[in-house]
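Letter by letter, the chains look like this.
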Amino acid sequence: MDHDTGGASTLSTKIVVNGTPQELTHDVRMTLLDALRDHLGVTSAKKGCDHGQCGACTVLVDGRRVVSCLSLTASLDGSEVVTAEGLGTPDDLSDLQQAFVDRDGLQCGYCTPGQVCSAQAMLAEVASGMPSHVTDPSALADPDVAVELSDAEIRERMSGNLCRCGAYVNIVAAIRDTAAQRAAAAGSAEERP
Amino acid sequence: MKPFTYERATSVADALRRTAGATQDGASAAYLAGGTNLVDHLRLGIREADRLIDVSHLDLTEVTELDDGTVRIGALARNADVAAHPLVRRRFPVVSAAMLAGASGQLRNMATMGGNLLQRTRCVYFQDLSTPCNKREPGSGCSAIEGFGTYNALIGASDACVAVHPSDLCVALAALDVTVVVEGPLGERRIDFGDLHRLPGDRPDQDTTLERSELITALEIAGPGFADRSRYRKLRERASYAFATVSVAAALDVRDGQIDDVRIGLGGVAHKPYRARRAEDALRGGPATHEAYAAAIATELEQARPGPDNAYKILQLQRAVPAVLDALTEAA
Ligand SMILES: Cc1cc2nc3c(=O)[nH]c(=O)nc-3n(C[C@H](O)[C@H](O)[C@H](O)COP(=O)(O)OP(=O)(O)OC[C@H]3O[C@@H](n4cnc5c(N)ncnc54)[C@H](O)[C@@H]3O)c2cc1C
Ligand code: SF4
Ligand code: FES
Ligand code: FES
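In the annotation of an unreviewed UniProt entry, chain B is listed under the name Periplasmic aromatic aldehyde oxidoreductase, FAD binding subunit YagS and assigned to Serinicoccus hydrothermalis.

Per an unreviewed UniProt entry, chain A goes by Periplasmic aromatic aldehyde oxidoreductase, iron-sulfur subunit YagT and derives from Serinicoccus hydrothermalis. In its Pathway (unreviewed entry) section, UniProt records this for chain A: "Alkaloid degradation; nicotine degradation."

S.K.: Any chance you could explain the overall build of chain B here in plain terms?
M.R.: The secondary structure content of chain B amounts to 11 helices and 12 strands. Over its C-alpha trace chain B gives a radius of gyration of 20 Å, about what one expects of a compact globule, namely 20 Å for 332 residues. By principal-axis analysis of the C-alpha atoms, chain B measures approximately 60 × 50 × 35 Å. In chain B, which comprises 332 residues, the proportion classed as buried is 60%.

S.K.: Could you clarify how one ought to interpret helix 1 (residues 32-39) of chain A in this entry?
M.R.: Structurally, the α-helix is built with 3.6 residues per turn, so residues lying three or four positions apart point the same way. Residue and element names in this part refer to chain A. Among the residues making up helix 1, those that are buried are Leu32, Leu33, Ala35 and Leu36. Each element contacted by the buried residues of helix 1 is listed here: strand 1 (10-17), strand 2 (20-27), strand 3 (58-61) and strand 5 (80-82). Following helix 1 by one or two positions, Gly41 adopts a phi angle in the positive range, close to 65 degrees.

S.K.: Before we go on, may I ask you to explain the domain arrangement of chain A in this structure?
M.R.: How big an interface is tends to be expressed through the accessible area that disappears when the partners come together. Residues and elements named next belong to chain A. When cut into domains, chain A gives domain 1 (3-87) and domain 2 (95-191). Computed over C-alpha atoms, the centres of domain 1 and domain 2 are 24 Å apart. Taken together, the contact pairs 16 residues of domain 1 with 15 residues of domain 2. Taken together, both faces of the contact between domain 1 and domain 2 bury some 1,300 Å²; the carbon and sulfur share is 57%. On inspection of domain 1 and its partner domain 2, the count reaches one salt bridge. For Glu125, the salt bridge goes to Arg65, with nearest N and O atoms at 2.8 Å. Inspection of the region where domain 1 meets domain 2 yields eight residue pairs in polar contact (both at pLDDT 80 or more). At the level of elements, strand 3 and helix 2 (84-87) are the ones that each hand at least two residues to the side of domain 1 that touches domain 2.

S.K.: Looking at this structure, how should I read the pairing of strand 7 (residues 187-192) of chain B?
M.R.: When a strand is regular, its side chains alternate between the sheet's two faces. As paired strands, strand 6 (residues 178-184) of chain B and strand 7 of chain B are joined by six bridges and run antiparallel to one another. Paired with Val180 of chain B across the bridge in strand 7 of chain B is Ile191 of chain B.

S.K.: What is the right way to look at the environment of Arg89 of chain B in this model?
M.R.: With respect to the helices, strands and loops of the structure, Arg89 of chain B is situated in helix 4 (residues 86-91). A residue is classified by how much of its surface remains accessible, and Arg89 of chain B, at 3% relative accessible area, is buried. Excluding residues within four positions of it along the chain, Arg89 of chain B makes contact with Gly129, Pro131, Ala139, Leu140, Ala141, Asp142 and Pro143 of chain A together with Ala83, Ala84 and Ser96 of chain B. Reaching out from Arg89 of chain B, the side chain makes a polar contact with the backbone oxygen of Gly129 of chain A at a distance of 3.2 Å.

S.K.: Help me understand the pattern of salt bridges, please; the structure alone is not making it clear to me.
M.R.: Charged atoms that come close allow side chains of opposite charge to pair. All names here are of chain A. Enumeration according to the criterion identifies 35 salt bridges over all chains in this entry. Ionic pairing is found between Arg176 and Asp151, a salt bridge with its closest N-O pair at 3.0 Å. Residue Arg176 is found in helix 7 (residues 168-191), and its partner Asp151 is found in helix 6 (residues 151-157); the two are separated by 25 residues along the sequence. For Asp151, a relative accessible area of 30% translates into the label partly exposed.

S.K.: I tried to follow the packing of helix 10 (residues 290-300) of chain B against helix 11 (residues 312-331) of chain B on my own but got confused; where do I start?
M.R.: A pair of packed helices is characterised by two quantities: the angle between their axes and the separation of those axes. All names here are of chain B. It is at 9 Å that the axes of helix 10 and helix 11 come closest, and there the two elements cross at 145 degrees. Considering only the axes of helix 10 and helix 11, their crossing is right-handed. Counting all contacts with helix 10, which are made through His290, Tyr293, Ala294 and Ile297, the residues of helix 11 involved are Leu317, Gln318, Val321, Pro322, Leu325, Asp326 and Thr329. Among the residues making up the contact of helix 10 with helix 11, the classes are represented as seven nonpolar, three polar and one charged.

S.K.: What is the right way to look at the site of ligand 2 in this model?
M.R.: Looking at ligand 2, there are 13 residues lining it, with Cys123, Cys133, Cys142, Cys161 and Val162 of chain B nearest. A per-class count over the shell around ligand 2 returns 10 nonpolar, two polar and one charged.

S.K.: Hey, could you run me through the packing of aromatic side chains in this one?
M.R.: Geometrically, a pair of aromatic rings is defined through the distance of the ring centres and the angle of the planes. All told, the structure shown has one aromatic pair over all chains when counted by the stated rule. Geometrically, the ring pair formed by Phe148 of chain B and Tyr151 of chain B is edge-to-face, given 5.8 Å between the ring centres and 65 degrees between the ring planes. You can call Tyr151 of chain B partly exposed: its relative accessible area is 32%. Above the face of the Tyr110 of chain A ring, Arg164 of chain A is positioned so that its terminal group lies 4.7 Å from the ring centre.

S.K.: Sorry if this is basic, but what is going on with the site of ligand 1 here?
M.R.: Taken together, 32 residues are adjacent to ligand 1, and Tyr31, Thr36, Leu38, Thr112 and Asp168 of chain B come closest. Nearby residues around ligand 1 are contributed by chains A and B. The backbone of Ala33 of chain B places a nitrogen or oxygen atom 2.9 Å from an oxygen atom of ligand 1. Burial of ligand 1 by the protein amounts to 95% of the accessible area it has alone, namely 980 Å². Going through the elements one at a time, helix 7 (113-118) and strand 8 (215-221) of chain B are the ones with two or more residues in the shell around ligand 1. Here the shell around ligand 1 is composed, by residue class, of 13 nonpolar, 14 polar and five charged.

S.K.: Quick question: what am I supposed to make of the sheet that holds strand 12 (residues 274-275) of chain B here?
M.R.: Strand pairing in a sheet relies on backbone hydrogen bonds, with the paired strands running either antiparallel or parallel. Residue and element names in this part refer to chain B. Read from one edge to the other, the open sheet built from four strands follows the order 9-10-11-12, with strand pairing classed as antiparallel. Here the strands that pair on one side only, and so sit at the sheet edges, are strand 9 (230-235) and strand 12. Bridge analysis of strand 11 (residues 258-267) against strand 12 gives two bridges, and the strand direction is antiparallel. Looking at strand 12, one finds that Gly265 is bridged to Arg275. Helix 5 (residues 93-100) rests against strand 9 and strand 10 (246-255) of the sheet, and its axis sits at about 20 degrees to strand 9.

S.K.: Is there a simple way to think about the confidence of the model for chain B in this case?
M.R.: Detail in the predicted coordinates should be disregarded across regions flagged by low pLDDT. Chain-level pLDDT for chain B is 96 on average; 100% of the residues reach the 70-or-more range. Across the interface, the model reports ipTM at 0.95; the global pTM reads 0.97.

S.K.: What am I meant to see in the packing of helix 3 (residues 95-102) of chain A against helix 4 (residues 112-127) of chain A here?
M.R.: Residues and elements named next belong to chain A. Between helix 3 and helix 4, whose axes approach to 10 Å, the crossing angle comes to 125 degrees. Between helix 3 and helix 4, the angle falls in the class oblique. The hand of the helix 3/helix 4 crossing is right-handed. Between helix 3 and helix 4, the contacting residues are Leu96, Gln97 and Phe100 on the first element and Thr112, Gln115, Val116, Ala119, Gln120 and Leu123 on the second.

Thresholds applied
Residues numbered from 1 in each chain as written. Chains lettered and ligands numbered in written order. Predicted model: local features only at pLDDT ≥ 70, side-chain atom pairs only at ≥ 80, totals over all residues. Heavy atoms only, no water. UniProt positions renumbered as here; feature names shortened; annotations may be inferred. Helix = DSSP H or I, 4+ residues; strand = E, 2+ residues; numbered from the N terminus. Rg over C-alpha atoms; globule rule 2.2 N^0.38 Å. Buried < 20%, exposed > 50% of the residue type's maximum accessible area, 1.4 Å probe, protein only. Contact = heavy atoms within 4.5 Å. Domains from an automatic or database assignment. Buried area = accessible area lost by both parts, 1.4 Å probe. Salt bridge = Lys/Arg side-chain N within 4 Å of Asp/Glu carboxyl O. Polar contact = N/O pair within 3.5 Å; in protein donor to acceptor, adjacent residues only side chain to side chain. Pairing = 2+ DSSP bridges. Axes fitted to C-alpha atoms, helices over the stretch in contact; angles between N-to-C directions. Left-handed = near helix turned anticlockwise from the far one by under 90°. Nonpolar A, V, L, I, M, F, W, Y, C, P; charged D, E, K, R; others polar. Near = heavy atom within 4 Å. Phe/Tyr/Trp six-rings, centres within 6.5 Å; stacked < 30°, edge-to-face > 60°. Lys NZ or Arg CZ within 6 Å of the ring centre and 35° of its normal. Areas by Shrake-Rupley, 256 points an atom, 1.4 Å probe, with all protein chains shown as cover. pLDDT = per-residue confidence, 0-100. Parallel < 35°, antiparallel > 145°, perpendicular 65-115°, else oblique.

What follows is the structure, encoded as structure tokens:
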């Protein structure tokens, strides 16, 4: 399909949301956040600032975390979108979601879906060796040195997600727990013959 | 947001053709890359476009090393990918470090190299449609000169505009030998990075020397150089996820205690990413000592014209520049 409005102000876009293919006919100006919330009934992604500043609208697009409030739906034709609902459901929470519950990593819960999506992607970024602003300069300049997931690394990497309830300490703990559990599971899987 | 049409460009030539078509029709066109600045501005009404030409799917995302050691980075490569790229980390860690100091993980996944160069000022009045601003609306006046001046420029400001360039990446690039490759209606043009951005003069609405239809296709960072001994330091009001008050990118080459070569880029100082040439000239050939670094930045800052609210930036630079050069001297 030629993804082009050819002068019209509405457009049809195909995206896969939490595993379900969707075809949307929408105003060209519509952001992914509004498409999710107002047209697809996917309400975990929250509108905080609508300007890329708070992280409440964070979702995964093709596996990478982005802010959906600054993503134009039209530009995402053919993409795969995962929101907090796609990571786990109340009956079947993901390990990370369970860790947020266990550690009391939320108060009002408004920022939580964005926090969880961001944390999910952030752990993958660390696993892939991506450095951060707090990574030691010598390690930054040497891609062969593995990144240690310190609390400082978690805080820096999660700094795009603001929490007005101030649940940060417990969010860091939840992410630290999840990283440790995943590392242990990967270790024991390696030991198996 | 004013209505616009959306068009997905299939090649550089196609993008240029669409822009030319818009111009012929008397319509305004804008290239959409990561959208993190443009979508925000369209939504705020700071910018209007009749036609949005999406270039984000173009095949301009590779990071490669040319035969002479130059690192060529596609203009549509995402900031996160370039910051993590082994070639950039090994050869130009200051470029990785500067990008990692900017925005958030989510935004770096969206923001592109070209878009980062062309992001617009974060002057609070520029973003606020209810106030006069010469950059947003030429001839309307500047609210920042008499207003809230904490973030204003120290060097090169004019009576028309006192805003600073907000990019972290650009501060690192200002300290290196970088060429910006652009495609326009007349073919390819290569611009020295130092000539891309403008001081405000009486045309603060023009941020750069690019023609309206020109598309940035790549950045080329020349090497091999001394950028493996380089650092980026960003001072800001909270530990992360804020724009700089000032920032310093520096690279240093010391032989037998003498400075062979030195590069200093400064952020938060001027309307454009600022290269501290006076300080560099004062240092080259001299001793690699803390006293020399302090004297050199003092020389550079003689031309600073601070207002009542932003003199703190001078103090920040007087401390940060020698500190960064000291760290590089120790590492050498
Ligand atoms: C909350 C927030 C915090 C931020 N913090 C920082 C920070 O600390 N440091 C920092 O440096 N930046 C920061 N940024 C800015 C961010 O880095 C820029 O918005 C981003 O780099 C712009 O890139 P983009 O690809 O999204 O550009 P877009 O928004 O798509 O485009 C920006 C402009 O460039 C034009 N353009 C884009 N690509 C090209 C091209 N190849 N050729 C010609 N024209 C082109 C567009 O038409 C538009 O005018 C922040 C942004 C936000 C929203
Ligand atoms: S400093 Fe520049 S951007 Fe800010 S209000 Fe004045 S003219 Fe506008
Ligand atoms: S709503 Fe998107 S970042 Fe705040
Ligand atoms: S839990 Fe309330 S905003 Fe974070």
